[in-house]
Amino acid sequence: MYIEKQKFLVFGISKSGYSASKFLLQKKATCYIYEEIFVGRVNTAIEELVLNGAMLVKKEDIDEVLKEIDVLIISPGVPINHQVCIKAKGLGKRIIGEFEFGSLFIKNPFIAITGTNGKTTTCYLLKSMMEKERKVTLLGNVGTPITSAIDSLLEDEIVIAEISSFQLETMNAFMPHITCILNIKPDHLERHYTMDNYVFLKRKLLKNSRESEYAVLNYDDEIVKEFEENLSAKKVWISLKEKVDGAYLLEDKIFYFDEFITTVDKIPLKGLHNVQNVLASICMAKIMGISTDAIVSGLCEFKGVKHRIEEIAKIKEITFFNDSKATNTSSTISAIKSIKGPIVLILGGKEKGEKYDLLFKEIKSSFVTNVVLTGESKLNMLETAISQGYTNLTVSDNFDNAVKIAYLLANKGENVLLSPACASFDAFENYEARGERFCEIVKSLKE
């Protein structure tokens with residue numbers, strides 16, 4: 001791609017869109033920018049980009065600009081079926097996501113991790129293991145746009161990339177050295193419409209793999225297990241249930257092929273779902289030549305990621321856990337199973353097309369004593385809970401009150417768990433903002 005001779009339109013000036021635009025301007029490209037959702041951070045980013053030479057496109061001018069540009073770069077938040085994308089495709093323009101665009105300029109080896117749940121934890125866990133012996137960096141959906149790192153990566157640096165289904169919508173040529181697919185559960189159906197389409201997108205990350213590359217796959221996940229069909233890459237499996245060609249759990253001991261690695265009690269993270277993340281990380285680290293000593297050391301030192309079953313406070317013998325990152329039902333179910341003792345659970349947010357029957361079935365047979373519902377999904381959740389015979393419910397009109405109600409409902413020795421099973425966009429910019437607000441409210445309860 002000859003950047004200086006082509007004209008680009010960047011749609012969506014979030015972190016990734018801002019980063020892509022900045023990179024284009026640094027390379028002296030013609031760069032148009034377009035945004036439909038104006039908030040404080042976006043407005044500041046747009047002002048800076050315009051000062052540096054970007055041309056802000058108004059909504060009434062978008063059709064004319066589409067005729068003029070060569071390439072449309074879209075942020076993950078922009079769906080491929082957006083009218084701007086449809087018009088660009090009709091005009092024969094190249095449409096590419098920010099991640100794949102950035103990957104075109106990077107020669108470093110990639111480890112790409114996807115799945116419905118556990119992506120971020122696995123990325124950070126793998127980094128903790130590998131950085132003992134190799135230079136590594138985290139990019140992609142984990143929070144750092146790839147285009148922001150193009151000029152700063154060292155020649156021998158390994159890129160660990162978290163890849164979302166949103167990024168996979170526009171991905172065509174990307175070929176990581178290792179592809180890891182952790183699991184597939186219903187998620188983002190409000191955008192992808194059907195489970196079949198969601199599965200297709202996740203599988204897409206493997207489509208360019210060759211015999212020289214590797215695929216780390218979950219043997220226990222029936223959908224992921226089927227991905228081995230017609231797969232050219234070398235397959236390395238993970239399993240919590242049986243011995244496989246890869247990493248597996250056997251009588252509370254973890255093995256990689258026949259090599260003993262460690263025991264489950266050495267894992268600082270809660271829950272079987274995190275043992276699964278550990279197995280995947282071990283496979284990828286081993287493929288990259290990391291020693292067992294470094295793997296075990298990195299594992300023991302790892303304390304988890306923010307907003308994922310994060311213990312944040314203890315007030316009057318009530319423990320508070322921030323699991324704002326749980327934006328689907330399977331993630332919330334994993335969190336419930338991970339915490340010992342009675343739980344007051346805070347649920348709700350922006351709906352993602354999921355049904356909640358299985359969630360409340362699990363809640364009914366768990367240690368959850370009360371559920372506080374809030375957000376856009378609260379009435380739908382309420383109806384589903386009652387249909388499943390679960391009635392220990394309180395409905396709150398806003399998030400702040402939901403946290404305070406949960407505290408009042410909890411007894412000494414119990415836990416308050418924020419694990420919404422929904423996106424945050426009905427009330428917050430992202431799940432991080434929701435988690436930070438939860439922490440702020442809990443802190444105020446101490447005072």
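Note that the structure is predicted; figures quoted are calculated from it, not measured. (Residues numbered from 1 in each chain as written. Predicted model: local features only at pLDDT ≥ 70, side-chain atom pairs only at ≥ 80, totals over all residues. Heavy atoms only, no water.)

*Asks:* Honestly, the sheet that holds strand E20 (residues 415-418) in this entry has me stumped. Any pointers?
*Replies:* Pairing between the strands of a sheet is mediated by backbone hydrogen bonds and can be parallel or antiparallel. Here we have six strands laid out as an open sheet, ordered E15-E16-E20-E17-E18-E19, and mixed in their pairing. The two strands at the open ends of the sheet, each matched to only one other strand, are strand E15 (310-315) and strand E19 (393-395). Strand-to-strand twist in this sheet, taken as the mean axis angle between neighbours without regard to direction, amounts to 20°. Relative to strand E18 (residues 368-373), strand E17 (residues 343-347) is paired through five bridges, and the arrangement is parallel. Paired with Ile-343 across the bridge in E18 is Val-368. The sheet strands contacting helix H13 (residues 329-338) are E17, E18 and E20, and the helix crosses E17 at an angle near 165°. (Pairing = 2+ DSSP bridges. Helix = DSSP H or I, 4+ residues; strand = E, 2+ residues; numbered from the N terminus. Axes fitted to C-alpha atoms, helices over the stretch in contact; angles between N-to-C directions. Contact = heavy atoms within 4.5 Å.)

*Asks:* Honestly, the sheet that holds strand E10 (residues 214-218) in this entry has me stumped. Any pointers?
*Replies:* If you trace the nine strands from one edge of the open sheet to the other, you get E7-E8-E6-E9-E10-E11-E12-E13-E14, paired in mixed fashion. Strands at the two margins of the open sheet, each flanked by one partner only, are strand E7 (136-140) and strand E14 (259-263). Strand after strand, the sheet turns through a mean of 20° between neighbouring axes, direction not considered. Sheet analysis places strand E11 (residues 234-239) next to strand E12 (residues 246-250), joined by three bridges and oriented parallel. Looking across to E12, one finds that Ser-239 is bridged to Tyr-248. Where helix H6 (residues 119-130) meets the sheet, its contacts fall on strand E6 (110-114), E7 and strand E8 (158-162), and the angle it forms with E8 comes to roughly 165°.

*Asks:* I would appreciate a short explanation of the state of the cysteines in the present structure.
*Replies:* Every disulfide links exactly two cysteines, by a covalent bond between their sulfur atoms. What the rule picks out here adds up to zero disulfides. In this structure Cys-85 is a free cysteine whose sulfur lies 16 Å from that of Cys-31, the closest cysteine sulfur available. Overall, Cys-85 belongs to the buried group, its relative accessible area being 1%. Free cysteine Cys-283: the closest other cysteine sulfur is in Cys-180, separated by 7.9 Å. (Disulfide = S-S within 2.5 Å. Buried < 20%, exposed > 50% of the residue type's maximum accessible area, 1.4 Å probe, protein only.)

*Asks:* Just to check I follow, could you spell out the pattern of salt bridges for this structure?
*Replies:* One side chain can pair with another of opposite charge once the charged atoms of both are near each other. Under the criterion given, the structure shown has 15 salt bridges. Between Lys-87 and Asp-63 there is a salt bridge; the shortest N-O distance is 3.1 Å. Of this pair, Lys-87 sits in helix H4 (residues 83-90) while Asp-63 sits in helix H3 (residues 62-68); the two residues are 24 residues apart in sequence, bridging distant segments of the chain. In this structure Lys-87 comes out as partly exposed when scored by relative accessible area, which is 37%. The class of Asp-63 is partly exposed, set by a relative accessible area of 35%. One connected set of salt bridges, linked through shared partners, spans Asp-400, Arg-437 and Glu-440. (Salt bridge = Lys/Arg side-chain N within 4 Å of Asp/Glu carboxyl O.)

*Asks:* Can you help me understand the nonpolar core in this one?
*Replies:* Considering soluble globular proteins, one finds that nonpolar side chains tend to be buried as a cluster. Residues Ile-111, Ile-113, Met-130, Ile-160, Val-216, Ile-254 and Met-284 are the most contacted members of the largest nonpolar core, which totals 41 residues. A total of nine residues in this core trace back to one element, the largest contributor, which is helix H11 (residues 272-287). Apart from the residues within four sequence positions on either side, Ile-113 is in contact with Lys-119, Thr-122, Cys-123, Leu-126, Ile-160, Ala-161, Glu-162, Ile-163, Cys-180, Leu-182 and Met-284. Counting 37 residues, the second-largest nonpolar core is a separate cluster that includes Ile-33, Ala-54, Phe-99 and Met-171. (Core = buried A, V, L, I, M, F, W, Y, C linked by side-chain atoms within 4.5 Å.)

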